[in-house]
Amino acid sequence: MRWSADGNSYASVEQGEVVQTDVQTKRKTMLLPKSKLQSSGTSQPLTIADFAFSADSANVLIFTNTARVWRQNTRGDYYLVNRASGQPRQLGKGRPSQSLMFAKLSPDGRSVAYVSERNLFVEDVASGQIRQLTTDGTRKRINGTFDWVYEEEFGCRDGFRWSPNSKQIAYWQVDATKIRDYLMLNTTDSAYSHVVPVEYPKVGENPSPTRIGLVNVASAATTWLPISGDPQQNYLPRMAWFPDGSSLIIQQLNRKQNECKLLVYNVANKSVSPIYTETSKAWISAKTDPMNWEWVSGGKSFVWMSEKDGWQHLYQLSADGKKETLLTPGDYDVASVTQINEVASQIYFIASPKTTNQRYLYRTSLDGKGKAERVTPEGLAGTHSYVVSPNGRLAQHTFTNYQTPPATEWVSLPEHKAVGDAMKVSSVAKPNVSFFNLTTEEGITLDGWMAKPVDFDSTKKYPIVFFVYGEPANCTVNDVFTVGSNRLFAGDMAKAGYLYVALDNRGTPNLKGANWRKSIYRNIGRINIKDQAMGAKKLFSQHSYIDTSRVAVWGWSGGGSTTLHLLFQYPDIYKTGIAIAAVGNQLFYDNIYQERYMGLPQENREDFVAGSPVTYAKNLKGNLLFIHGTGDDNVHYDNAEVLINELVKYNKQFQVMPYPNRTHGIFEGPGTTEHLRTLYTNYLLKNCPPGPR
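Parameters at a glance
- Residues numbered from 1 in each chain as written.
- Predicted model: local features only at pLDDT ≥ 70, side-chain atom pairs only at ≥ 80, totals over all residues.
- Heavy atoms only, no water.
- Helix = DSSP H or I, 4+ residues; strand = E, 2+ residues; numbered from the N terminus.
- Rg over C-alpha atoms; globule rule 2.2 N^0.38 Å.
- Contact = heavy atoms within 4.5 Å.
- Lys, Arg positive; Asp, Glu negative; His and termini not counted.
- Charge placed at Lys NZ, Arg CZ, Asp CG, Glu CD.
- Phe/Tyr/Trp six-rings, centres within 6.5 Å; stacked < 30°, edge-to-face > 60°.
- Buried < 20%, exposed > 50% of the residue type's maximum accessible area, 1.4 Å probe, protein only.
- Lys NZ or Arg CZ within 6 Å of the ring centre and 35° of its normal.
- Patch = residues over 30% accessible without salt bridge, like charges linked within 9 Å, V, L, I, M, F, W, Y side chains within 5 Å.
- Areas by Shrake-Rupley, 256 points an atom, 1.4 Å probe, with all protein chains shown as cover.
- Salt bridge = Lys/Arg side-chain N within 4 Å of Asp/Glu carboxyl O.
- Axes fitted to C-alpha atoms, helices over the stretch in contact; angles between N-to-C directions.
- Parallel < 35°, antiparallel > 145°, perpendicular 65-115°, else oblique.
- Nonpolar A, V, L, I, M, F, W, Y, C, P; charged D, E, K, R; others polar.
- Core = buried A, V, L, I, M, F, W, Y, C linked by side-chain atoms within 4.5 Å.
- Pairing = 2+ DSSP bridges.

- With an unreviewed UniProt entry as reference, the chain is termed S9 family peptidase, source organism Spirosoma profusum.

Printed below as a string of structure tokens:
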């Protein structure tokens, strides 16, 4: 969806064509028909994966024929379509097919910049002339985009920014030449195996040195920003232009990610000045939005999010860092910024001060003198999200909760009245699903949900299955429609006769304050595991209908690691576990994630050892199904094999399923998803039999 300049309509792809829709009247206008999407030599129109208009709307940039890079389809072909003349022209003539990334029209609409094979190019819109701006790009010297770990852990993909005057481009260069490759082995696609290398800095290894350059579009000359600090011990995850183009602002995090600096580079005098510094005993996150900077007052100040007072709040910082205004005071967390409306001097944001597993739209004044006001009407309890128009007057509003599939409507702001047809909420009765909280014997209050079996009889005993994650990257108890369902179970768990439960432990990213979230620092694999186990024990003591001889647990990725820990550390509680794509040894995972939450192994290696499932594998008593893709470039297959070796060492019997060449999501290849669901379901039915007793 692309908003019009006035914010009253939007463009989107409908049946392969770009159509503009007026939000108020619902009138549709054809902007780009299929007849103008036929490239030469083919009768089929281009399939639009994404599109962007030039500022004057004369040209449309089309992204098509996409290919996956790590997790997302960020590589492909780009075409430029002149709306008046018609025929699309492919960009990057002479470049390999599917090699272009992140093509962007310049602000003046005269040029397009893009990355191809780790180098930056610019192409003239009128003539098609191509100028190569960098020439040193290789597999491990990366210009204008990022290596695996920056993408995975910082959300960095698009690695260059046009200057407002269209004369310069600021870009990242990642030097991964000294980063060792993890060698994945493809043994199925040919008679002889071949190696698939991934530059991957394991925990304890120095990060890839990263720097930011400013390249002149006309001369292709790059000026490197003189940023202080060892580039191998600091990260540069965020960067943006000031609106007037006079300067760049950069976020710098030290390697431990417990010190954040905001730096300003003055283009005229080529100097870098720190304007803001924040420190933490645990960690400080990179700015949430990798692409945009929330400027206000024409670049004289910006909105910044920080947890420094114990809650995640919004502040307005002056561009020189000398003035700071708290915008959202109170004992609650802001989840995210939705929109800044300078005309009304209002900022819209998502929060939920009373019920932390739900989300609502709030607003407050930009001067810091107002009080947060809930915009989402009372009555629809659950999770709300908004896409707000540039003028702040209209929003696409989506609502869901545990018994409501996502429903959408258009509303006017700030009154939140439906524009056109009101939202049609179609609830699905889930009388068996309920939210709860419990307090463990250590005084820790955990949120959770439970889905009871169909025809539940409290006088009988039922098996219980715990769905877990447990690490700082995700929650399991948010009030959304998927609550109570299990996509890997081939059937209906409630009809089969299972109790299905999730708990969120300390360290998960709930809106419960920084102390809750950061208590897991240097304690992954311990504090989260203990909370889960103590939560299970408390649940057992509260409900006599739980059959403690039939207790299963499962999870994926961090949830797979949590599953292993629970089976190994609390074998008297958990009898069956299904762990998918789990980190078996924290020392085998990447440095940005693991060092952020655990510190440096050179300083506290004992915490990494004590937090790794392999340390406790010898304690296995129950049933374990261990599932991993051999082509997982995220959690490498060595995690599986080191754990297998440890289980073998102690004669622990278990079942393992390696999926050849599948990545972290284990979905590639015909039949994979069905096979995984069948495997999961059969193992659960056999080892944790369903139904009342």
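More follows now that the structure is in view.
## Description of the overall build of the chain
Okay, so step 1: The number of helices and strands found in the chain is nine helices and 43 strands.
Okay, so step 2: Since a compact globule built from 693 residues should have a radius of gyration of about 26 Å, the 26 Å found for the chain is in line with a globular shape.
Okay, so step 3: Seen through its principal axes, the chain has C-alpha atoms that stretch 75 × 60 × 60 Å.
Okay, so step 4: Put simply, 58% of the contacts in the chain that link residues at least 6 apart link residues at least 24 apart.
Okay, so step 5: Each charge class in the chain was averaged separately, 74 positive and 65 negative side chains, and the resulting centres sit 1 Å apart.

## Notes on the packing of aromatic side chains
Aromatic ring pairs are reported here in terms of the distance separating the ring centres and the angle at which the planes meet.
Okay, so step 1: Under the counting rule described, the total for this entry stands at 34 aromatic pairs.
Okay, so step 2: On the numbers, 4.9 Å between centres and 80° between planes, the contact of Tyr593 with Tyr597 is edge-to-face. Placement of both Tyr593 and Tyr597 in helix α6 (residues 591-598) is noted, with a separation of four residues, approximately one turn of the helix. In this pair, the class of Tyr593 matches that of Tyr597, namely buried.
Okay, so step 3: Looking at Arg211, its charged tip hangs above the ring of Trp224, at a distance of 3.6 Å from the centre.
Okay, so step 4: Between Lys430 and the ring centre of Phe481, over which it is positioned, the NZ or CZ distance is 4.2 Å.

## Some thoughts on a nonpolar patch on the surface
Okay, so step 1: There is a patch of nonpolar side chains on the surface, built from Leu183, Leu185 and Val195 and spanning about 280 Å² of accessible area.
Okay, so step 2: By secondary structure assignment, the location of Leu185 is in strand β16 (residues 181-186).

## Notes on the packing of α6 against helix α7 (residues 601-610)
Okay, so step 1: α7 packs onto α6 with a crossing angle of 80° between their chain directions and a minimal axis gap of 11 Å. Classified by the angle between their axes, α6 and α7 sit roughly perpendicular to one another. Contacts from Gln594, Glu595 and Met598 of α6 reach α7 at Pro601, Asn604, Asp607 and Phe608.
Okay, so step 2: Partitioned by chemical class, the residues of the contact of α6 with α7 number three nonpolar, two polar and two charged.

## Describing the nonpolar core
Okay, so step 1: Counting 104 residues, the largest nonpolar core has Phe466, Phe568 and Tyr574 as the members making the most contacts within it.
Okay, so step 2: Residues in contact with Tyr574, not counting those within four places in the same chain, are Phe466, Gln532, Ala533, Ala536, Val551, Val553, Leu566 and Leu567.

## Quick notes on the sheet that holds strand β37 (residues 445-451)
Okay, so step 1: Within the open sheet, the eight strands sit side by side as β36-β37-β39-β38-β40-β41-β42-β43. Their pairing is mixed. Strands at the two margins of the open sheet, each flanked by one partner only, are β36 (433-439) and β43 (655-659). Recorded for the sheet is a direction-independent mean angle of 20° between the axes of neighbouring strands.
Okay, so step 2: Pairing analysis gives four bridges linking strand β38 (residues 462-467) to strand β39 (residues 499-504), with the strands arranged parallel. Bridge assignment links Phe466 to a residue of β39, and that residue is Val501.
Okay, so step 3: Packing against the sheet, helix α4 (residues 527-542) makes contact with β36, β37, β38, β39 and β40 (546-556), and its axis sits at approximately 110° to β36.
Okay, so step 4: Sheet strands in contact with helix α5 (residues 558-569) are β40, β41 (576-580) and β42 (623-629), and its direction is about 145° off that of β40.

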